[in-house]
Structure formats: C-alpha cells, structure tokens
Amino acid sequence: MAIILNFVLASEKETTQFSQRLAQSAKKNNDALVIYLEGDLGAGKTTFARGFIQTFGFDRVKSPTYALVESYQNDDINIHHFDCYRLSDPEELEYIGIREYSGPGHIQLIEWAELGKGAIEPADMIIKISGEDQARTLSISAHSKIGESLLNSLKV
Ligand code: ADP
Ligand code: MG
C-alpha cells in the first residue's frame with residue numbers, strides 16, 4: 001500500500017514554494033528519481049515543474065509541450081522535463097533516447113506519463129494536482145524507497 005499525503009496550497013506562489021521545498025530535499029540524494037505530475041490541463045503541472053527546476057539554478061524553464069522533453073544540465077544534476085501530451089506513440093520516446101535519461105544524477109519530471117506507458121520508467125513519486133481558481137490540492141504518493149524518504153521529508 002503506497003503512502004499518500006495531501007497538501008492544500010492557496011496560491012500559485014505556494015505551489016512554487018512547495019515545489020522548491022521538494023527540490024531541496026531531492027538535491028540531497030544522488031539517486032535516480034522519477035516523478036509523474038498528474039492533473040487536468042491548467043492544473044499546474046508545468047508551474048510545479050518550473051519551480052522545482054529553478055531551484056537547481058536554471059532560470060528559464062519553458063513548457064516542453066512541443067519539444068516533448070527539455071533537459072537541464074550542470075555539474076550537479078541532469079533534469080529531464082517531459083510533456084507526453086502530444087505523444088502519439090511511446091516508441092517516440094525511444095527514438096529521442098529516453099534510456100540515457102535514467103541513472104544516478106538524473107531526475108525525470110513527467111507530465112501525461114500515461115501516454116508514454118511502456119517506454120517511461122516507473123514512478124518513485126506521483127503528484128496529483130487538482131483544484132480551481134487559485135487553490136490547489138496536491139495528493140502525493142510514494143512508490144519506491146526513494147519516493148518514500150522524499151515524501152517523508154515533506155511532512156511538516
Ligand atoms: P498544466 O501544466 O497542468 O497544464 P500550467 O502549470 O501550465 O498547467 O498552468 C497552471 C495555470 O494555473 C497557470 O496559469 C497558473 O498561473 C494558474 N494557477 C493558479 N493558481 C495556481 C496554483 N495554486 N498552483 C499552480 N498554478 C496555479
Ligand atoms: Mg503542462
């Protein structure tokens with residue numbers, strides 16, 4: 001049975017701050033990490049990913065909707081931000097070399113992961129975002145030991 005924690009966030013700023021808190025915890029381990037971001041269009045998946053990625057020092061984070069993946073690399077980390085919304089076949093992910101995107105020092109943030117089923121790695125953590133107007137609820141579940149320790153680090 002996976003552990004699930006819920007967090008209520010009142011504004012976009014709180015979502016960004018929360019994503020930065022998660023990123024700070026993720027920074028502390030060098031293990032491969034795969035996070036799925038789930039929720040309807042406009043839920044805040046890209047907003048969350050942007051805050052997370054910026055924490056690692058990358059200022060310009062654009063939505064990978066058209067490019068399928070945007071990668072951010074420096075001496076410390078490789079972050080791969082996927083948006084599979086426009087994916088017609090999971091095989092496309094093999095062509096772009098998704099296999100090289102895993103392993104120590106690699107973090108994958110994946111929007112619309114279900115469309116890449118078969119080609120993408122199983123999630124360590126799944127973040128479901130829902131809500132309307134300015135408020136959002138994040139329902140976060142852990143699916144591996146790494147996911148569990150990361151989720152535990154978010155407990156207040
Ligand atoms: P998705 O990637 O899930 O389609 P985006 O992150 O691109 O969604 O868009 C989310 C939209 O919702 C943005 O326009 C953002 O300003 C707005 N928004 C309002 N409140 C929040 C919140 N609490 N958290 C995240 N986004 C929010
Ligand atoms: Mg998006």
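Just so you know, these numbers come straight off a predicted model, no measurement behind them.

K.L.:
Describe the site of ligand 1, and please don't skip the residues or the numbers.
P.N.:
By nearness alone, 15 residues border ligand 1, and Glu12, Thr15, Lys45, Thr47 and Gln134 come closest of all. At 2.7 Å, a side-chain N or O of Thr15 approaches a nitrogen atom of ligand 1. Burial of ligand 1 by the protein chains amounts to 76% of its free accessible area of 580 Å². Residue assignment for the shell around ligand 1 shows that the elements contributing at least two residues are helix H1 (12-27) and helix H2 (45-54). Here the element with the most residues in the shell around ligand 1 is H2; it accounts for three residues. Across the shell around ligand 1, the residue classes tally to two nonpolar, seven polar and six charged.

K.L.:
Which residues make up the packing of H1 against H2, and what are the values?
P.N.:
At their nearest, the axes of H1 and H2 sit 7 Å apart, and the two run at 45° to each other. In this view, H1 runs oblique relative to H2, as classed from their interaxial angle. Along this stretch, H1 crosses H2, giving a crossing that reads as right-handed. Every residue of H2 that contacts H1 at Glu12, Thr15, Thr16, Phe18, Ser19, Gln20, Leu22, Ala23 and Ala26 is listed here: Thr47, Phe48, Gly51 and Phe52. When grouped by side-chain class, the residues that make up the contact of H1 with H2 number six nonpolar, six polar and one charged.

Reading the values: the criteria
Residues numbered from 1 in each chain as written. Chains lettered and ligands numbered in written order. Predicted model: local features only at pLDDT ≥ 70, side-chain atom pairs only at ≥ 80, totals over all residues. Heavy atoms only, no water. Near = heavy atom within 4 Å. Polar contact = N/O pair within 3.5 Å; in protein donor to acceptor, adjacent residues only side chain to side chain. Areas by Shrake-Rupley, 256 points an atom, 1.4 Å probe, with all protein chains shown as cover. Helix = DSSP H or I, 4+ residues; strand = E, 2+ residues; numbered from the N terminus. Nonpolar A, V, L, I, M, F, W, Y, C, P; charged D, E, K, R; others polar. Axes fitted to C-alpha atoms, helices over the stretch in contact; angles between N-to-C directions. Parallel < 35°, antiparallel > 145°, perpendicular 65-115°, else oblique. Left-handed = near helix turned anticlockwise from the far one by under 90°. Contact = heavy atoms within 4.5 Å.

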